[in-house]
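Here's the letter readout for the chains.
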Amino acid sequence: MYPQLARVCKTNCTTYRPLLFPGGPVLLVAPVLALLTVNLTLPVLSETVFFAGLSHDNPELSETLKAKKGLSVATATNVSIRRVLRYLALSFLLLCFSFVPLIGPIIGPGLQAILTCFTLGWELLDPYLDKLKLDYEGQRAFLQRHRFGVVGFALPFTLILPIPLLGPLCFGWAQAA
């Protein structure tokens, strides 16, 4: 009946389909896992960059925190592994939820973005929380009290880090923030 309208609708639906497919939330997982891996294998790197940025903004707090001992390597590794496993488990559940007809493709990516912001904020604050000697439950309680601030803090980095060439260059900038 309206062949031109049918052709336009078919073209537009094909163009935007990759943005709305149920597996779309998985695209946010890769940069956070990369940062978690780097911080788990090279914790000195994240701590050095974090304190370099903090000493620029607040030299007294930076020196005070540097003087503290922090968590042991075993406890810090345990916290990092539990954080990664929690993130992967919740991301998998959100991936499964995104397959629910009608609401899944709409709500799933938004919830994945919030989870990614929260986890990325937790990872960026890891050197600070480590120096406060907070174990996994203490860190979760601290971050739950400040969850809106943590999500708002990590939101710009969550949007920048998935960009192919720009994202990896911003890891240090994110850690120093």
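Our subject in this report is the structure included herewith. On a predicted model such as this, the values are computed, not experimentally measured, just so you know.

Time to look at helix H5 (residues 73-97). Here H5 spans 36 Å end to end across 25 residues, near enough to the 36 Å set by a 1.5 Å rise per residue. Those residues of H5 not exposed but buried are Val-79, Ser-80, Arg-83, Val-84, Arg-86, Tyr-87, Ser-91 and Leu-94.

Below, the discussion takes up the environment of Leu-54. Here Leu-54 shows up in helix H3 (residues 43-57). Sequence separation between Leu-54 and Leu-65 is 11 residues, and the spatial gap between their C-alpha atoms is 9.9 Å. Among all residues touching Leu-54, those that are not within four sequence positions of it are Pro-59, Leu-61, Ser-62, Leu-65 and Ala-176.

What follows is about the packing of H5 against helix H8 (residues 136-145). Their axes nearest at 10 Å, the elements H5 and H8 cross at an angle of 55°. It follows that H5 is oblique to H8 by the angle criterion. Of H8, the residues touching H5 (which contributes Val-79, Arg-82, Arg-83 and Arg-86) are Tyr-136, Glu-137, Gln-139 and Arg-140. Along the lines of polarity and charge, the residues of the contact of H5 with H8 split into 2 nonpolar, 1 polar and 5 charged.

What follows is about unusual backbone geometry. With a phi angle near 70°, Leu-102 is a residue other than glycine that sits in the positive phi range. With respect to the helices, strands and loops of the structure, Leu-102 is situated in the loop between H5 and helix H6 (104-124).

Relative to the elements of secondary structure, Lys-131 occurs in helix H7 (residues 126-131). Residue Lys-131 is classed as buried on the basis of its relative accessible area, which comes to 7%. Once you skip the residues sitting within four places of it in the chain, Lys-131 turns out to touch Glu-47, Phe-51, Leu-65, Lys-66, Lys-68, Lys-69 and Gly-70.

On to the packing of aromatic side chains, then. We describe a pair of aromatic rings using the distance from one ring centre to the other and the angle between the two ring planes. The full count for this structure, using the stated rule, is 6 aromatic pairs. An aromatic cluster is defined as three or more aromatic residues linked by ring pairs; in this entry it consists of Phe-118, Trp-122 and Tyr-136.

What the second largest pocket holds in volume is close to 160 Å³. What lines the second largest pocket is simply Arg-86, Leu-111, Ile-114, Leu-115, Phe-118, Gln-144, Arg-147, Phe-148 and Val-151. For the lining of the second largest pocket, the secondary structure elements donating two or more residues are H6 and helix H9 (147-160). Looking at which element gives the most residues to the lining of the second largest pocket, the answer is H6, with 4 residues. Residue classes in the lining of the second largest pocket are distributed as 6 nonpolar, 1 polar and 2 charged.

Further remarks concern the pattern of salt bridges. Taken as a whole and assessed by the stated rule, the structure comprises 4 salt bridges. With a shortest N-O distance of 3.0 Å, Arg-82 and Glu-137 are connected by a salt bridge. You can see Arg-82 sitting in helix H5 and its partner Glu-137 sitting in helix H8, a full 55 residues away along the chain. Its relative accessible area of 45% is what places Glu-137 among the partly exposed residues. For Glu-123, the salt bridge goes to Arg-83, with nearest N and O atoms at 2.9 Å. Of this pair, Glu-123 sits in helix H6 while Arg-83 sits in helix H5, and the two are 40 residues apart along the sequence. For the residue pair Glu-123 and Arg-83, the accessibility class agrees, reading buried in each case. Salt bridges here are not isolated pairs; linked through shared partners, they connect Arg-83, Glu-123 and Asp-126.

Rules used in this analysis
- Residues numbered from 1 in each chain as written.
- Predicted model: local features only at pLDDT ≥ 70, side-chain atom pairs only at ≥ 80, totals over all residues.
- Heavy atoms only, no water.
- Helix = DSSP H or I, 4+ residues; strand = E, 2+ residues; numbered from the N terminus.
- Expected span 1.5 Å × (residues − 1).
- Buried < 20%, exposed > 50% of the residue type's maximum accessible area, 1.4 Å probe, protein only.
- Contact = heavy atoms within 4.5 Å.
- Axes fitted to C-alpha atoms, helices over the stretch in contact; angles between N-to-C directions.
- Parallel < 35°, antiparallel > 145°, perpendicular 65-115°, else oblique.
- Nonpolar A, V, L, I, M, F, W, Y, C, P; charged D, E, K, R; others polar.
- Phe/Tyr/Trp six-rings, centres within 6.5 Å; stacked < 30°, edge-to-face > 60°.
- 1 Å grid on protein atoms, 1.4 Å probe; cavity = no way out; pocket = protein on both sides within 12 Å on 5 of 7 lines; lining within 4 Å.
- Points joined across faces, edges and corners; volume = space filled by probe spheres on them.
- Salt bridge = Lys/Arg side-chain N within 4 Å of Asp/Glu carboxyl O.

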